Amino acid sequence: MNEKLKEKIQESLSSVLPITMIVLVLSITLVPMEIGTLALFLTGAVLLIVGMGFFQLGAEMSMTALGQSVGARLIKSKSIILIVLVSFMMGAIITIAEPDLQVLANQVASIPNQVLIWTVAIGVGLFLVVAVLRIIFHISLSMMLMVFYILLFLLSFFSPDSFTAVAFDSGGVTTGPMTVPFIMALGVGLSAARSDKEGASDSFGLVALCSIGPIMMVLLLGIFYNPEEAVYTATKITDIATTHDVVKQFVVAIPEYSKEVAVSMLPVAGVFIFFQLFTRTFHGRQVLRMAVGFVYTILGLIMFLTGVNVGFAPVGSLLGSGLGEGIFKWALVPIGIIIGYYIVKAEPAVQVLNKQVEDLTGGTISHKMMNSALSIGVACAVALSMVRVLTGINIYWIIIPGYIIAIVMSRFVSSVFVGIAFDSGGVASGPMTSTFLLPLAMGACTAVGGNVVTDAFGVVALVAMAPLLAIQIMGLIYMHKSKAAKAVPQIKEFSEDTVVEIEEDFE
């Protein structure tokens, strides 16, 4: 086996194993499961681990290289019109290629799928243009985020209450495993070609701004379509009697997800071919390496999505309903904390972000630091989501104060941490959140007799908000420690001088 691929699969194993063990413990104690359902889950976990390894290596070989090259070429062209047109097209194409967007479209029953998909794609395209222009013209990220989020919350007050949570969920869902590697690499390419001291910090923030576009556009759709009956069809748990039935479930699902991934990757492959024909940027061996990378990405996504949707989603719904029906329903909160802490590590795009952060900061912000901050933040977010499910608290009571605190903090934290924090919000809320945590919240909400649309939806939005606070708090701690470290030699030097002066005076 390719050593690099083996390394990626081992990383995936360490990320997915904890959440698998948590589910196994719950199935033995609080929520007993049929052996068939458990076999379905374990098979899904294996596919998820292997698929995540293939995807990470494939994205590193193909999507990252393509994004960086496109970004570098764009900024060298020095044509604003070309930069705007290409950025808009790339944002729209990559968003249409995002598998998670199909999940969102199926959830919103009152809006036609294609209308929703194209509207969200336009939103991402427009905000990718805004993000690219910000890098070119050196505009403050924290200032732009403050302005756009104020506009966003003002707009949300005109949208139906039953649709607000779904709209905010869309911001996290549409920045998933396809979108994030490319958009982040595009930012790196743009910033590197600019070659100034602020380039590294400005390479972050593209995902953050692109997450705003879908929310804004879905809120507008909510106003015009007035989707009062937007509901999500609960995940159906198939009866599994034998191991043959387990295998059959995955075999039947693979063609569906293969087609979905192939359709998703086609526009990206088209961009690569078009870019290579007109720029001749990549040499023969590089083209071959990227082609292999695309194959790895496709295989990885097929395995990952099949494992998550067939194995994880039904178990998430079953766990939620089992915990919600019992006398220990408040156990959803501590269990949510544990699940949230570990599940973010199983998001494929999170590992891509963490590696890029570590590389761009020269190890100053390590992979381990990022994982710890994200895990703590998401754990708190899932706990709040479970409290909402149990009590029916309006999402505004959590999300508005959360974003106000995050935006205020952005004025005091280094711009690098601001960009990383807001990028992490979109990255943390990927397919694991939408296909495991959302069914978990929905199952629990149905069991306690709550409103699924207003109380269960919003879990993705809260998971997307948590890293904004967690990473910026990490930034404040880091800045404080840096200042303290710089102050130590000065204190020592002053102390020695003082001793010499005292000795001289004494003599």
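Since this is a predicted model, take the numbers as computed values, not measurements.

### A few points about the nonpolar core
Thought 1: Among the nonpolar cores identified, the biggest contains 160 residues, and Leu 66 and Phe 312 are the most heavily contacted of them.
Thought 2: Here the element with the most residues in this core is helix H2 (residues 35-77); it accounts for 17 residues.
Thought 3: Phe 312 has contacts with Val 16, Ile 19, Phe 41, Gly 44, Ala 45, Leu 48, Gly 307, Met 432, Thr 435 and Phe 436, leaving out every residue within four places of it along the chain.

### Overview of the packing of helix H6 (residues 141-156) against helix H10 (residues 206-225)
Thought 1: Where H6 meets H10, the closest approach of the two axes is 10 Å, and the angle between their N-to-C directions is 15 degrees. Accordingly, the angle class assigned to the pair H6 and H10 is roughly parallel. Of the two elements, H6 crosses H10, and the hand of that crossing is left-handed. Touching Leu 141, Leu 145, Phe 148, Tyr 149, Leu 152, Leu 155 and Ser 156 of H6 are Ala 208, Leu 209, Ile 212, Ile 215, Met 216, Leu 219, Leu 220 and Ile 223, all from H10.
Thought 2: Among the residues making up the contact of H6 with H10, the classes are represented as 14 nonpolar, one polar and no charged.

### Looking at the packing of helix H14 (residues 348-360) against helix H17 (residues 415-428)
Thought 1: With their axes 9 Å apart at the nearest point, H14 and H17 run at an angle of 160 degrees to one another. Our classification of the angle between H14 and H17 gives roughly antiparallel. Note on packing geometry: the crossing formed by H14 with H17 is right-handed. In this structure, H14 uses Ala 349, Val 350, Leu 353 and Val 357 to contact H17, whose residues at the interface are Ile 420, Asp 423, Ser 424, Val 427 and Ala 428.
Thought 2: Among the residues making up the contact of H14 with H17, the classes are represented as seven nonpolar, one polar and one charged.

### Digging into helix H12 (residues 284-325)
Thought 1: Helix length check: H12 (42 residues) gives 60 Å between terminal C-alpha atoms against 62 Å at 1.5 Å per residue, within 8%.
Thought 2: The largest bend in H12 amounts to roughly 35 degrees and is located at Phe 312, with the proline Pro 314 lying one to four residues further along.

### What to know about unusual backbone geometry
Thought 1: The backbone of His 138 sits at a positive phi, close to 55 degrees, despite the residue not being glycine.
Thought 2: In this fold, His 138 is placed in the loop between helix H5 (113-137) and H6.
Thought 3: We classify His 138 as partly exposed; its relative accessible area is 43%.
Thought 4: The backbone phi angle of Arg 280 is positive, close to 50 degrees, even though this residue is not glycine.
Thought 5: Within the fold, Arg 280 resides in the loop between helix H11 (243-279) and H12.
Thought 6: Of the residues examined, Arg 280 reaches a relative accessible area of 59% and is grouped as exposed.

### Some details on a nonpolar patch on the surface
Thought 1: Together, Met 143, Val 147, Ile 150, Leu 151, Leu 154, Phe 157, Phe 158, Ile 223, Phe 224 and Tyr 225 make up an exposed nonpolar region whose accessible area comes to about 1000 Å².
Thought 2: Elements supplying a minimum of two residues to the nonpolar patch: H6 and H10.
Thought 3: With five residues, the top contributor of residues to the nonpolar patch is H6.
Thought 4: For Phe 157, the location among the structural elements is in the loop between H6 and helix H7 (161-173).

### Quick word on the confidence of the model for the protein chain
Thought 1: On average, residues of the protein chain score 82 in pLDDT, and 89% of them reach the 70 mark or higher.
Thought 2: Note that residues 488-507 has pLDDT below 50 and, in this model, zero contacts with residues that lie over four places away or in other chains.

### Section: the packing of aromatic side chains
Thought 1: Tallied over the entire structure, the rule returns 15 aromatic pairs.
Thought 2: Ring geometry for Phe 41 and Phe 312: centres 4.6 Å apart, planes at 40 degrees, overall tilted. With Phe 41 in helix H2 and Phe 312 in helix H12, this pair connects stretches of sequence that are 271 residues apart.
Thought 3: For Phe 41, a relative accessible area of 0% corresponds to the buried category.

### With respect to the environment of Met 143
Thought 1: Note on placement: Met 143 falls in helix H6.
Thought 2: When the C-alpha atoms of Met 143 and Ile 407 are compared, they prove to be 8.6 Å apart, with 264 residues separating the residues in sequence.

### Topic: the environment of Tyr 342
Thought 1: Looking at the element boundaries, Tyr 342 is found in helix H13 (residues 332-343).
Thought 2: For the pair Tyr 342 and Ala 379, spaced 37 residues apart in sequence, the C-alpha separation works out to 8.1 Å.

### Observations concerning the pattern of salt bridges
Thought 1: Scanning all chains against the criterion turns up two salt bridges.
Thought 2: We note a salt bridge from Glu 60 to Lys 4, for which the minimum N-O separation is 4.0 Å. Highlighted residues: Glu 60 in helix H2 and Lys 4 in helix H1 (residues 3-28), separated in sequence by 56 residues.
Thought 3: The exposure class of Glu 60 is partly exposed, given its relative accessible area of 24%.

### Some thoughts on the side chain of Gln 56
Thought 1: If you trace the backbone, Gln 56 turns up in helix H2.
Thought 2: Residue classification places Gln 56 among the buried positions, given a relative accessible area of 5%.
Thought 3: Contacts of Gln 56, omitting those with residues within four sequence positions, involve Lys 8, Glu 11, Ser 12, Pro 348 and Gln 351.

What counts as what
- Residues numbered from 1 in each chain as written.
- Predicted model: local features only at pLDDT ≥ 70, side-chain atom pairs only at ≥ 80, totals over all residues.
- Heavy atoms only, no water.
- Core = buried A, V, L, I, M, F, W, Y, C linked by side-chain atoms within 4.5 Å.
- Buried < 20%, exposed > 50% of the residue type's maximum accessible area, 1.4 Å probe, protein only.
- Helix = DSSP H or I, 4+ residues; strand = E, 2+ residues; numbered from the N terminus.
- Contact = heavy atoms within 4.5 Å.
- Axes fitted to C-alpha atoms, helices over the stretch in contact; angles between N-to-C directions.
- Parallel < 35°, antiparallel > 145°, perpendicular 65-115°, else oblique.
- Left-handed = near helix turned anticlockwise from the far one by under 90°.
- Nonpolar A, V, L, I, M, F, W, Y, C, P; charged D, E, K, R; others polar.
- Expected span 1.5 Å × (residues − 1).
- Bend = angle between axes of the 7 residues up to and from the residue.
- Patch = residues over 30% accessible without salt bridge, like charges linked within 9 Å, V, L, I, M, F, W, Y side chains within 5 Å.
- Areas by Shrake-Rupley, 256 points an atom, 1.4 Å probe, with all protein chains shown as cover.
- Salt bridge = Lys/Arg side-chain N within 4 Å of Asp/Glu carboxyl O.
- pLDDT = per-residue confidence, 0-100.
- Phe/Tyr/Trp six-rings, centres within 6.5 Å; stacked < 30°, edge-to-face > 60°.

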